[in-house]
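Okay, here's what each chain looks like letter by letter:
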Amino acid sequence: DARVTQTPRDKVTEMGQEVTMRCQPILGHNTVFWYRQTMMQGLELLAYFRNRAPLDDSGMPKDRFSAEMPDATLATLKIQPSEPRDSAVYFCASGLDIFSPYGYTFGSGTRLTVV
Amino acid sequence: AQKITQTQPGMFVQEKEAVTLDCTYDTSDPSYGLFWYKQPSSGEMIFLIYQGSYDQQNATEGRYSLNFQKARKSANLVISASQLGDSAMYFCAMSDQGGSEKLVFGKGMKLTVNP
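Here's what I pulled together on the structure shown here. (Residues numbered from 1 in each chain as written. Chains lettered and ligands numbered in written order. Predicted model: local features only at pLDDT ≥ 70, side-chain atom pairs only at ≥ 80, totals over all residues. Heavy atoms only, no water.)

Re the pattern of salt bridges
Residue and element names in this part refer to chain A. The test is simple: A pairing counts as a salt bridge when a side-chain nitrogen of Lys or Arg comes within 4 Å of a carboxyl oxygen of Asp or Glu. Partly exposed residues are those whose accessible area sits between 20% and 50% of the maximum for their type, while under 20% is buried and over 50% is exposed, using a 1.4 Å probe and protein chains only. Runs of H or I in DSSP of at least four residues are treated as helices and runs of E of at least two as strands, each being numbered from the N terminus.
Enumeration over the complete set of coordinates arrives at eight salt bridges over all chains. Two residues, E44 and R36, come together in a salt bridge whose shortest N-O distance is 3.2 Å. Accessibility expressed as a relative area gives 11% for R36, which makes it buried. A salt bridge links R64 to E83, with the nearest nitrogen and oxygen atoms 3.5 Å apart. Taken together, the positions of R64 in the loop between β6 (53–56) and β7 (65–71) and E83 in the loop between β8 (74–79) and β9 (88–95) put the pair 19 residues apart, joining distant regions of the chain. For E83, a relative accessible area of 24% gives the class partly exposed. Bridged by salt links that share partners, the residues R64, E83, R85 and D86 form one connected network.

Quick look at unusual backbone geometry
A cis amide bond links A:T7 with the next residue in sequence, A:P8, at an omega value of -10°. Looking at the secondary structure, you find A:P8 in the loop between β1 (5–7) and β2 (10–13). Here the residue pair A:Q80 and A:P81 is connected by a cis peptide bond, since its omega of -5° sits within 30 degrees of zero. As for its position among the elements, A:P81 is in the loop between β8 and β9. Unlike most non-glycine residues, A:N51 shows phi in positive territory, near 50°. Within the element layout of this structure, A:N51 appears in the loop between β5 (42–50) and β6. The exposure class assigned to A:N51 is exposed, which follows from its relative accessible area of 55%. Positive phi is not limited to glycine here, since B:K73 has a value of about 55°. Assignment of secondary structure puts B:K73 in the loop between β8 (64–69) and β9 (74–79).

So, the interface of chain B and chain A
As a reminder of what qualifies: Pairs of residues are marked as contacts when any of their non-hydrogen atoms sit within 4.5 Å. By buried area we mean how much accessible surface two parts lose on assembly, using a 1.4 Å probe and totalling the loss over both. A 3.5 Å cut-off defines polar contacts: any pair of N or O atoms within that distance qualifies, except that in protein one atom must be a possible hydrogen donor and the other a possible acceptor, and neighbouring residues in sequence count only when both atoms are side-chain atoms. Residues are grouped as follows: Ala, Val, Leu, Ile, Met, Phe, Trp, Tyr, Cys and Pro are nonpolar; Asp, Glu, Lys and Arg are charged; every other residue, Gly included, is polar.
Counting residues at the interface gives 22 residues for chain B, matched by 20 residues for chain A. Here chain B and chain A share an interface that buries about 1,800 Å² over both sides, 59% of which is from carbon and sulfur atoms. The interface formed by chain B and chain A holds one salt bridge in total. Among the ionic pairs, B:K102 bridges to A:D56, the shortest N-O distance being 3.3 Å. Applying the counting criterion to the chain B and chain A interface returns five residue pairs in polar contact (both at pLDDT 80 or more). Considering every element that reaches the side of chain B that touches chain A, the biggest residue donor is strand β5 (residues 32–39) of chain B, with five residues. Looking at side-chain class alone, the side of chain B that touches chain A contains 10 nonpolar, eight polar and four charged residues.

Let's talk about the environment of A:C23
All names here are of chain A. Relative to the assigned elements, C23 resides in strand β3 (residues 19–24). Residue class for C23 comes out buried when judged on its relative accessible area of 1%. Linking C23 and S94, residues 71 residues apart in sequence, is a C-alpha distance of 9.4 Å. Contact partners of C23, with chain neighbours within four places excluded, come to V4, T5, Q6, W34, T73, L74, A75 and C92.

Details of the sheet that holds β7(A)
Residues and elements named next belong to chain A. Where we set the bar: Pairing between strands is defined by DSSP: at least two bridges between them are needed. Note on method: axes are straight lines fitted to C-alpha atoms, helices fitted across the in-contact stretch only, with angles between N-to-C directions ranging 0 to 180 degrees.
In spatial order, the strands read β1-β3-β8-β7; together these four strands make up an open sheet with antiparallel pairing. Two strands lie at the open edges of the sheet, namely β1 and β7, each paired on one side alone. Adjacent strand axes in the sheet meet at a mean angle of 15°, parallel and antiparallel pairs treated alike. Across five bridges, β3 lies against β8 in antiparallel orientation. Within β8, the residue paired with R22 across the bridge is T76.

All we've got here are geometric facts, nothing functional implied.
Shown next, in the form of structure tokens:
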């Protein structure tokens, strides 16, 4: 089965450090989403790309977060500097479009803990 | 703006019984897709079923079916013959063309299947 691969699986870092999360979407998928999941806020959409172009990053704190897609096989989410409130599970998902019956496939997530 | 509402915080069902998970949505766009995801305690997000706004028939995938009532803007998930492994969080999501096809999730609901 094709998979969305996220690395690292777990990350513990100190406040103020830079964190980079990576996502390898499924080959051929042209849409990539980044989500953050917390108990309080649920699944928040941070950013998403279509054909590598950023479409919407309005859900992302611009001062410290950045999302890029340098090529079709890699999407990155960077936090600099990290803060304890950034502790969450970050998911990447990829897919085709809203009319695809196969939905969007999620990666296993990166569990980030900022201490 | 897109909106997904899941009002049931939690439900309990006996094994082998059917259960309906509620989801209502709000959009002014005629073109949209509706999705259901399962998140077991292990944390991964598993795509279950998709319904397109122009689909004439309700979607079915094995024990999952989607009760799509367009006029009422509801997209309830029906799980037939519940199994213990169905215990999980369930999320309804929507993507519409007017919202640049971003995928927005409801807050989810917890299903517990009792033996």
